[in-house]
Amino acid sequence: MNRNIYPVLKAIMVIVVMFIMFSMNTRAEDISTCRDLNATGTIYVLTQNISSIGSCINVTAFNVTLDGSGYTINYSSTGAYGVGINISRQNNTVIKNVRVVEGSATTSSKYGIYVYFANNTIIYNNTIYTNGTSSNAIYLLTSGNANIDSNIINTSGTTAFGIYLMTSSNNNTVQNNNLYGISDTLLYVRNSNGNTVNNNSVKCVSKAGAGNALGLAGSNNNYLSNNDLTAANGGSSVSGILFATNNNYNNIFVNNTVRAMQGTSAIGIQITTTCNNCTFSGMNIQTALGAIGIQIAINNNLTITDSIINSTTDVRISSASVKAGYWNFTNVSRKDGKPLNVSWIAGANGTLNNMWYLDVYANYTNGTAAPSAQINATDIYGVAQTTTADANGNARFTLLEYIQNGSGGNTKTFSSNYSINASIAGQGLNISLNMSTNRFQVFTFTPTGGATSCTYGGSGNWALNCADNCIFNTAQIIANGDNVTITGTGTLTFNSGGIWTFTGFYQYVNIYPGCVINIYPGGGWNT
């Protein structure tokens, strides 16, 4: 299945879940103090600001909704340990429209909303402020199928994550949230799989130590798209995306903007642990002057396509302990269109494959497409790829420019120039291309309208070969009792005036697969 539709499918699932949950919540109750929410199927509505020296709201029943109506929950107001909203082992909870504020930074690990062993939680349209050390704003621990949507989050304590998915918090959706804070990692997915992280704005402005907008550790099969991830104003180092401890597999990143803007220590994507079969497409990676776009410090395999890296060092293989890995880059360049600046530390090894697209358009001199054209691309070593132009005359190749490998990346082997050949109906065209960037090549053929099969003989059935790419500009009369059979792969074009007229009854045109027929106004056939 195309992973691009996953966010849509999950959004539909969330709507269905919300409908079911709201339909189950048939009882409403106003609340004006911190308390347990203990009645199954109840919608609790906050009617004023409430405060507690410790914890405030504790959900102790299934199918509970808390509607904050824009009011504030002030928890740990004097610094005592507490949680703003606690949801433990209770499913189908909805928290919405509430402002959650940690009252004092004294003591640590005081979470804004804490979800523990609970499934199908919805956290929607809330504003959450925390200021204590390790006081995560939204913390899911071993909780799945949650939807965290459209929340505003601000954390000002050290090591306080904005959204933290921890230990088997699987299949959650995190979308449309706005996160700002100074934590070492602001949005963190750890030992959790199958989550969708979509359309979030994350800005980490760590004042000391490391600061990362997004972190993954020991997490697999997550899909992250259309996020704006910024790490800035940090201390020792900042990263837009950090692959931290433990191995990460099969994570997909699509159309994310990544900024790391803290001096020469900034890194757009930092891979310090295995990220095998991670794929990145449509990425826009920007770093500060003197900084690094992508840093690889461990053996891994990854693929990057259709992306822009704008850094002083675009890619750096940073550790001599890197001894293996395949890094496939297709249509990846700098913002100014220049080739990537790739740096290897002495002793590091692996294989970087740098590739580009060749798009081919095959047509005829009359402007019609040539969908049956055979296109061949052969590199300097005689390795060939072959394809057939599609119904619109288009074909695409992904062609290797060079392979870089060897100790310290000291070997670069070029496959370019390529010999590009196109052929149709006995005609052949060719050109040599240097694939140091994306290329677009047009091949234009002469229509074979004079071929024998393009002319009706005046009597008898007409066997027409579509590979002759006939173009009809004048009328042809098909005698009574004669039929037309069209075989082969190619294009037939009926321009204005190109009309077949059948003079009898029960005549037919039998068209076999592979023939594309273009009929323009004033052309075609009639009876």
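The text that follows walks through the structure, step by step, so that each part is easy to find. Along each chain, the written sequence defines residue order, and numbers are assigned to residues from 1. Thresholds applied to this predicted model are a pLDDT of at least 70 for local features of residues and 80 or more for the giving and counting of side-chain atom pairs; totals over whole chains, interfaces and linings are not thresholded and use all residues. Excluding hydrogens and water, the side-chain figures rest on all heavy atoms present in the structure.

When DSSP locates at least two bridges between a pair of strands, those strands are taken to pair. Comment: elements are numbered from the N terminus, with helices defined as DSSP H or I runs of at least four residues and strands as E runs of at least two. In terms of strand pairing, strand β10 (residues 99-102) meets strand β13 (residues 127-130) through three bridges, oriented parallel. Bridge pairing in β13 links V101 to Y129. Direction of pairing for β13 relative to strand β16 (residues 152-155): parallel, over a ladder of four bridges. Looking at the pairing, Y129 lines up with N154 of β16.

Paired rings are identified among Phe, Tyr and Trp, the last through its six-membered ring, by centres lying within 6.5 Å, and are further divided according to the angle between planes into stacked (under 30 degrees), edge-to-face (over 60) and tilted (the rest). For the coordinates displayed, the defined rule picks out 22 aromatic pairs. Each ring, one from F243 and one from F280, has its centre 6.4 Å from the other, and the planes form 85°; the classification is edge-to-face. Of this pair, F243 sits in strand β26 (residues 237-243) while F280 sits in strand β32 (residues 278-281), and the two are 37 residues apart along the sequence. The same class applies to F243 as to F280, namely buried. Remark: a charge is flagged as sitting over a ring if the NZ atom of Lys or the CZ atom of Arg is within 6 Å of the ring centre and within 35 degrees of the ring normal. The positively charged end of R89 is found above the aromatic ring belonging to F117, 4.7 Å away from the centroid. The lysine or arginine in question, R396, covers the ring of Y357, its NZ or CZ lying 3.9 Å from the ring centre. Three exposure classes are used, based on accessible area relative to the maximum for each residue type with a 1.4 Å probe and protein chains only: buried under 20%, partly exposed in between, and exposed over 50%.

Here we come to the sheet that holds strand β45 (residues 427-433). As summarised here, the arrangement of the four strands in space is β41-β40-β44-β45, forming an open sheet in which the pairing is antiparallel. Of all strands in the sheet, those with a lone pairing partner are β41 (384-388) and β45, marking the two edges. The sheet shows a mean angle of 15° between the axes of neighbouring strands, direction not considered. As paired elements, strand β40 (residues 374-378) and β41 share five bridges and run antiparallel to each other. Among the inter-strand pairings, I375 is bridged to a residue of β41, identified as T387. Throughout, an axis means a line fitted to C-alpha atoms (over the contacting stretch in the case of helices), and angles, computed between N-to-C directions, take values from 0 to 180 degrees.

Right, let's talk about a nonpolar patch on the surface for a bit. Candidates for patches are residues over 30% relative accessible area with no salt bridge; among them, like charges are joined within 9 Å and nonpolar side chains (Val, Leu, Ile, Met, Phe, Trp, Tyr) within 5 Å. Computed with a 1.4 Å probe, the accessible areas rest on the Shrake-Rupley method; for each residue, only the protein chains presented here act as cover. For this document, the term salt bridge refers to a Lys or Arg side-chain nitrogen within 4 Å of an Asp or Glu carboxyl oxygen. Taken together, the side chains of I380, Y381 and V383 make up a nonpolar region of the molecular surface, amounting to roughly 320 Å² of accessible area. Among the secondary structure elements, I380 is positioned in the loop between β40 and β41.

Where strand β8 (residues 85-88) meets strand β11 (residues 113-116), four bridges bridge the pair, whose relative direction is parallel. By the bridge assignment for β11, I87 is matched with V115. Of the strand pairs in this sheet, β11 and strand β14 (residues 138-141) are connected by four bridges, and their pairing is parallel. Looking at the pairing, I113 lines up with I138 of β14.

Residue placement: T493 occurs in strand β51 (residues 490-494). Spatially, the C-alpha atom of T493 lies 28 Å from that of L358, the residues being 135 residues apart in sequence. Ignoring sequence-local partners within four residues, the contact set of T493 consists of T368, C470, I471, F472, N518 and Y520. Residue contacts are counted whenever heavy atoms from the two residues lie within 4.5 Å of one another.

The next thing to look at is the state of the cysteines. By convention in this document, the label disulfide applies to cysteine sulfur atom pairs within 2.5 Å. Inspection of every chain in the model, using the stated rule, returns three disulfides. The residue that forms a disulfide with C34 is C56, at a sulfur-sulfur distance of 2.0 Å. Judged by the sign of its S-S torsion, about -85°, the bond between C34 and C56 is left-handed. One end of the pair, C34, is in the loop between β1 (27-31) and β2 (35-37); the other, C56, is in the loop between β4 (50-51) and β5 (57-59), and 22 residues separate them in sequence. With relative accessibility at 5%, the residue C56 sits in the buried group. Disulfide partner of C466: C515, at an S-S distance of 2.1 Å. One quick way to see it: the torsion about the S-S bond of C466 and C515 is about 75°, and its sign makes the bridge right-handed.

The biggest cluster of nonpolar side chains holds 73 residues, and the ones touching the most others in it are I85 and F243. Those residues in contact with I85 that sit more than four places away from it in its chain are I57, L66, I73, I95, V98, V100, G112, I113 and Y114. In plain words, nonpolar cores are sets of buried Ala, Val, Leu, Ile, Met, Phe, Trp, Tyr and Cys residues tied together by side-chain atoms within 4.5 Å. Within the second largest apolar cluster, 23 residues are counted, among which are A373, A395, L399 and M435.

Quick look at unusual backbone geometry now. The bulk of non-glycine residues show a negative phi, and the bulk of peptide bonds are trans. A cis amide bond links S416 to the next residue, N417, at an omega of 10°. By secondary structure assignment, the location of N417 is in the loop between β43 (411-414) and β44 (418-424). The residue T159 is not glycine, and still its phi comes out positive at about 50°. Mapped onto the elements of the fold, T159 is located in the loop between β16 and β17 (163-166). Residue class for T159 comes out partly exposed when judged on its relative accessible area of 32%.

To continue, consider the environment of M283. Here M283 is to be found in the loop between β32 and β33 (284-287). Using a relative accessible area of 2% as the deciding quantity, one classes M283 as buried. Along the sequence, M283 and Y81 sit 202 residues apart, while their C-alpha atoms lie 41 Å from each other. Filtering out sequence-adjacent residues up to four positions away, M283 remains in contact with I241, F253, N255, N256, V258, I269, D306, S307 and I308.

It is worth spelling out the environment of I57 at this point. Within the secondary structure layout, I57 lies in strand β5. As a C-alpha pair, I57 and V83 span 26 residues in sequence and 7.9 Å in three-dimensional space. Sequence-distant contacts of I57, defined by excluding residues within four places in its chain, comprise I31, T33, C34, R35, L37, I50, L66, I73, G84, I85 and N86.

This part is about the sheet that holds β51. With parallel pairing, three strands are arranged side by side in an open sheet as β48-β51-β54. Bordering the open sheet on either side are β48 (471-472) and β54 (515-519), each of which pairs with just one other strand. In this structure, β51 lies alongside β54, joined through five bridges in parallel fashion. Paired with F494 across the two strands is I519, which belongs to β54.

What follows is about the pattern of salt bridges. Enumeration according to the criterion identifies seven salt bridges in this entry. Close ionic contact of E29 with R35 constitutes a salt bridge, the shortest N to O distance being 2.8 Å. The partner of E102 in a salt bridge is K110, and the shortest N-O contact between them spans 3.1 Å. For E102, a relative accessible area of 2% gives the class buried. When salt bridges that share partners are traced, they join R27, E29 and R35 into one network.

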